[in-house]
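Read off the chains here:
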Amino acid sequence: WLSAVRSWPSRRCCYWMSPACIAPKLVQDIARSIVAISRDEKVSVLLVEQNSRMALSISSRAYAMSTGSVVLTGESKALINDDRIRAAYLGGEV
């Protein structure tokens, strides 16, 4: 899967878009690898992910989108507890 992590020309940033159906164990492995790449290689990672809980847990900043528009942005640690995010993406109720 590492070949799916594409580098921007500057090599200071890369992005990852996960396939729709992958095993939960593989998701954990990918998340650990993304964190390691960001930390060890000193690159920013743009993560496009439907698993909101995982994405918010490994990221420092997040952008929530709805119908192609950014509707909420902020630090991931704050957004994971935001009622709007919980209701829309994490299965919680407001």
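Scroll up to find the structure.
Every value quoted in this text rests on a predicted model; they were computed, and no experiment measured them.

Visitor: Please set out the pattern of salt bridges residue by residue, giving values where relevant.
Guide: For side chains bearing opposite charge, pairing can occur when the charged atoms are close. Summed over all chains, the structure comprises four salt bridges. Among the salt bridges present, the one from K25 reaches D29, with a minimum N-O distance of 2.9 Å. Taken together, the residues span about one helical turn, with K25 and D29 both in helix α1 (residues 24-41) at a distance of four residues. The class for D29 is partly exposed, based on a relative accessible area of 28%. The closest approach of N and O atoms between D40 and R39, which form a salt bridge, is 2.8 Å.

Visitor: So what's going on with α1? Residues and values would help.
Guide: An α-helical segment advances 3.6 residues per turn. Residues three or four places apart therefore align on the same side. Over its 18 residues, α1 extends 25 Å from the first C-alpha to the last, a length consistent with the 26 Å expected when each residue adds 1.5 Å. Inspection of α1 places V27, I30, A31, I34 and I37 among the buried residues, and these make up the whole buried set. On an axial view of α1, the arc spanned by its buried residues comes to 125°, and they lie on one face. When the buried face of α1 is taken as reference, the exposed residues oriented beyond 90 degrees from it are K25 and R32.

Reading the values: rules and limits
Residues numbered from 1 in each chain as written. Predicted model: local features only at pLDDT ≥ 70, side-chain atom pairs only at ≥ 80, totals over all residues. Heavy atoms only, no water. Salt bridge = Lys/Arg side-chain N within 4 Å of Asp/Glu carboxyl O. Helix = DSSP H or I, 4+ residues; strand = E, 2+ residues; numbered from the N terminus. Buried < 20%, exposed > 50% of the residue type's maximum accessible area, 1.4 Å probe, protein only. Expected span 1.5 Å × (residues − 1). Arc of directions from axis to C-beta.

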